[in-house]
2 protein chains.
Amino acid sequence: MKKFINAVDNVLAESLDGFASAHADLVMLGAERKFVRRRELNPKKVALVSGGGSGHEPLHAGFVGYGMLDAACPGQVFTSPTPDQIVEAAQAVAGDAGVLFIVKNYAGDRMNFEMAAEIAEGRTATIVTDDDVAVEKSTYSIGRRGVAGTLIVEKIVGAAAEKGADLASCVALGERVNAQTRSMGVALTSCTVPAAGTPTFALGEDEMEMGVGIHGEPGRRRVKLAAADAIAAEMTTAIAEDLGARAGAEALLLVNGFGGTPTIELYLMYNAARRMLESRGLRIARSLVGSYATSLDMAGCSLTVSLLDAETAALWDAPVRTAALRW
Amino acid sequence: MKKFINAVDNVLAESLDGFASAHADLVMLGAERKFVRRRELNPKKVALVSGGGSGHEPLHAGFVGYGMLDAACPGQVFTSPTPDQIVEAAQAVAGDAGVLFIVKNYAGDRMNFEMAAEIAEGRTATIVTDDDVAVEKSTYSIGRRGVAGTLIVEKIVGAAAEKGADLASCVALGERVNAQTRSMGVALTSCTVPAAGTPTFALGEDEMEMGVGIHGEPGRRRVKLAAADAIAAEMTTAIAEDLGARAGAEALLLVNGFGGTPTIELYLMYNAARRMLESRGLRIARSLVGSYATSLDMAGCSLTVSLLDAETAALWDAPVRTAALRW
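Residues numbered from 1 in each chain as written. Chains lettered and ligands numbered in written order. Predicted model: local features only at pLDDT ≥ 70, side-chain atom pairs only at ≥ 80, totals over all residues. Heavy atoms only, no water.

If you look chain A up in an unreviewed UniProt entry, it shows as phosphoenolpyruvate--glycerone phosphotransferase from Bradyrhizobium septentrionale. On record in UniProt, under Pathway (unreviewed entry), the comment for chain A is "Polyol metabolism; glycerol degradation." The Catalytic activity (unreviewed entry) field of the UniProt record for chain A holds the comment "dihydroxyacetone + phosphoenolpyruvate = dihydroxyacetone phosphate + pyruvate". (UniProt positions renumbered as here; feature names shortened; annotations may be inferred.)

> Can you break down the relation of the copies chain B and chain A residue by residue, with the values?
One copy of the chain maps onto the second through a rotation around an axis plus a translation along that axis. After a rotation of 180° and a shift along the axis of 0.0 Å, chain B superposes on chain A with an RMSD of 0.0 Å. Here the transformation between the copies is reduced to the relation of a two-fold axis. By C-alpha distance to the rotation axis, the residue of chain B lying nearest is glycine 260 of chain B, at 2.0 Å. A high fraction, 100%, of the interface residues of chain B reappear at the interface in chain A, so the copies pair face to face through one surface. (Least-squares fit on C-alpha atoms with pLDDT ≥ 70 in both. Contact = heavy atoms within 4.5 Å.)

> Quick rundown of the side chain of aspartate 131 of chain B? Include the residues and the values.
Residues and elements named next belong to chain B. Looking at where aspartate 131 falls in the secondary structure, it is placed in the loop between β7 (124-129) and β8 (137-138). It turns out aspartate 131 is buried and unbridged, and the closest side chain with the opposite charge, arginine 145, is 8.7 Å from it. At a separation of 2.6 Å, a polar atom in the side chain of aspartate 131 contacts the side chain of serine 183. (Helix = DSSP H or I, 4+ residues; strand = E, 2+ residues; numbered from the N terminus. Buried < 20%, exposed > 50% of the residue type's maximum accessible area, 1.4 Å probe, protein only. Lys, Arg positive; Asp, Glu negative; His and termini not counted. Salt bridge = Lys/Arg side-chain N within 4 Å of Asp/Glu carboxyl O. Polar contact = N/O pair within 3.5 Å; in protein donor to acceptor, adjacent residues only side chain to side chain.)

> For the domain arrangement of chain A, give the residues involved together with the corresponding values.
Residues and elements named next belong to chain A. Domain annotation for chain A reports domain 1 (10-180) and domain 2 (181-317). Inter-centroid distance (C-alpha atoms) of domain 1 to domain 2 is 22 Å. Each partner contributes to the roughly 3100 Å² buried at the junction of domain 1 and domain 2, and carbon and sulfur atoms together form 63% of this total. Ranking the residues of domain 1 by area buried against domain 2 places Phe78, Val133 and Gln180 at the top, with a combined share of 20%. At the boundary of domain 1 with domain 2, the tally comes to 3 salt bridges. Between aspartate 309 and arginine 176 there is a salt bridge, with the nearest N and O atoms lying 2.3 Å from each other. Taken together, the connections running from domain 1 to domain 2 amount to 21 residue pairs in polar contact (both at pLDDT 80 or more). Elements represented by at least two residues in the side of domain 1 that touches domain 2 include exactly α4 (149-162) and α5 (167-179). The leading source of residues in the side of domain 1 that touches domain 2 is α4, at 7 residues. A breakdown of the residues in the side of domain 1 that touches domain 2 according to their chemical character gives 21 nonpolar, 8 polar and 9 charged. (Domains from an automatic or database assignment. Buried area = accessible area lost by both parts, 1.4 Å probe. Nonpolar A, V, L, I, M, F, W, Y, C, P; charged D, E, K, R; others polar.)

This is the structure in C-alpha cells:
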C-alpha cells in the first residue's frame with residue numbers, strides 16, 4: 001500500500017486536522033472531530049447537514065461554507081457517521097428555520113441519519129440522493145446509490161437556503177434536482193482502504209469495472225479496457241435513456257475523477273461525453289470537471305448529467321465559498 | 001497502460017478541446033490549439049504568457065483568466081511548446097504594456113521562449129522560475145527546476161498586472177516571489193507517458209523517489225517508503241534550510257498532488273508539513289491544497305513554501321477567475 005500516512009488508525013483525524021487548518025477562514029471542527037461546520041452561521045436560514053463515509057473527499061466537508069452546507073459529518077473510511085455525530089452537528093448549526101439532512105442512499109447512512117433525526121430536537125427533514133443508474137441494488141444499498149450528483153443537490157439547495165427558502169421548499173427543490181440527476185461510474189483500478197492495506201477488488205491489467213460504486217462495489221460488468229469514446233458512449237447512453245430528456249433541454253455535465261485519475265484525462269472524457277450528449281439534443285449549459293466525489297485512490301471517473309431549468313441554473317450560478325467549490 | 005484515451009496521438013488535442021468547451025466563459029483556443037487565451041483581454045495591462053509541456057494540468061492553461069495569465073502554450077506531453085506557439089500567443093494577447101513570459105527552468109522551455117522573444121514584436125520580458133530545491137541540475141535543466149512554485153509567481157504577478165503594474169515592475173515582483181519560494185517533491189509511483197505506454201521509471205513496491213521532478217526525473221535518492229511525517233520532515237527541512245527564513249516570517253504553504261494522489265492524503269501531508277514549519281517559527285498565513293502542477297498519473301506530492309510580505313499577501317488574496325483557481 002503506497003499512501004501518505006503515518007498510522008492507519010489516524011488517517012482520518014490527521015487529514016481532517018489538515019483540512020480544518022488549511023481552511024480555517026471558512027470552517028472549524030466540532031469536538032472530537034465529529035463534524036466540520038461553517039465558521040460563520042446564519043441562524044435565520046435552513047441549516048444543511050450532510051455526511052457519509054470518508055474517502056470521498058472533498059465530498060462532503062469540502063462543500064461546507066457559504067452557499068452550500070452548514071455542516072458535514074465524516075464517518076470513518078467508507079463507514080457511515082454515527083447518529084451522535086449527526087445530532088451534534090445538527091445542534092451546532094440549527095437555527096430557527098430547521099435542519100435539512102442530505103443523505104446518499106446507502107443503508108448505513110440512511111439508518112444513522114434517521115436515528116439522528118429522531119433524536120435531534122427541532123424541525124428536521126431529509127433528502128435522499130440516488131443518482132447512480134448503474135445498478136438498482138448494490139452491496140450497501142437497496143435502490144440506487146447516491147454518488148456525485150449529491151453535490152449538485154447540495155449546491156442548488158444550499159443557494160436556495162441562503163436566499164431564505166423554508167424547509168419544505170428546500171426539500172421539494174432537493175427532490176426535484178435529485179430526480180433530474182443521473183450518474184454512472186467506471187473504475188480502471190481498485191481503491192485501497194488504509195485499514196485493509198490491499199485493493200478492495202482485483203482488476204486485470206486489461207480490465208475495467210463498468211458501473212462501479214464509490215466504495216469499489218461491483219457495477220454492471222467487468223469488461224476489457226476500452227477507448228475513452230466507447231466508455232463515454234456506454235455511460236452517456238445509460239444516463240440519457242434513464243433521464244429521458246427532451247431535445248433542447250439544458251443540462252449540467254459533471255465529469256468527476258475518483259482520486260487517481262489526472263485532470264488531462266478528465267477533460268478528455270468531458271470532451272467525449274459532451275459531444276455525445278449534444279448529439280442526443282441536450283444543451284450542455286454548465287460544466288464541472290474535477291475530482292469531487294472520490295473513492296480514495298481509485299483510477300476512474302463518473303459522469304453526471306443534471307437537467308436545469310431557469311431557477312436551478314440561477315441557483316447553481318449563485319455565489320459559493322467552500323474549500324472545493326468557489327465562485 | 002490504464003488511461004482514458006482514444007489514441008495516444010490525440011490525447012492533448014481532445015483534452016484541450018474539452019477544457020476549452022468546459023470553460024468557454026473564461027477561455028478560448030488559438031488556431032490549431034497553439035495556445036489557450038482569455039476570452040476577454042485588457043489591452044492596457046501587461047500580458048502574461050506562460051506554457052510548457054503538457055501533462056502538468058491544470059498548470060498552465062488552468063490559470064488563464066482574470067487575475068492570472070493571459071495565455072498559456074501547451075506543448076506535447078512533457079515537451080516544450082514551439083517558438084511559433086509562443087509568438088502567436090504573445091501576438092494574440094499583447095497590448096500596449098508589453099508581454100511577460102513566465103518560464104519554468106528547463107533547457108527546452110528556456111530556449112523556445114528565448115527564440116519566441118527574439119521573434120515577437122513589441123516589448124517582452126521573461127521571468128524564469130526555479131523553485132525546486134531537490135537537485136541543482138537535472139535531466140532537462142541546468143540549475144534548479146521550476147515546479148509548483150510557478151503558479152504562485154503567476155498568481156501574484158497576475159494580480160499586480162491587473163492593477164496596472166508596468167513590465168519592469170512585474171519582472172521585479174516575479175523575481176522577488178521566485179526568490180522567496182522553494183519546493184520539493186516525492187514520488188510513490190512513476191507516471192506513464194501515453195506515447196510511451198509504460199512507466200517512465202521503475203519503483204519497487206516499497207520504494208519512493210525523494211526529490212523527484214515533475215517529469216519523473218530522478219531526485220535525490222531512491223529510498224524505502226516512509227511514514228508521512230518522515231517524508232514531510234525531510235522535505236520541510238530541505239525547503240526551510242534553503243529558504244533561511246527568520247522566525248515569525250509569514251508564508252504560503254502549497255501541498256500539491258502529482259495527479260494520482262487523492263485529497264485525503266494531501267490534507268494529511270499538509271497537516272504534517274504545517275506542524276513542522278510552525279515548529280521552525282514560520283507562520284502559515286495562506287494555504288493551498290490540491291493537484292495543481294501534476295505529473296500525469298504519478299502518485300506523489302510536492303511541498304512549496306513561499307514567504308509573503310504585506311504586498312505579496314494582498315496580491316495573492318486579490319480576485320482571480322480561472323478554471324483552477326477562483327476567489
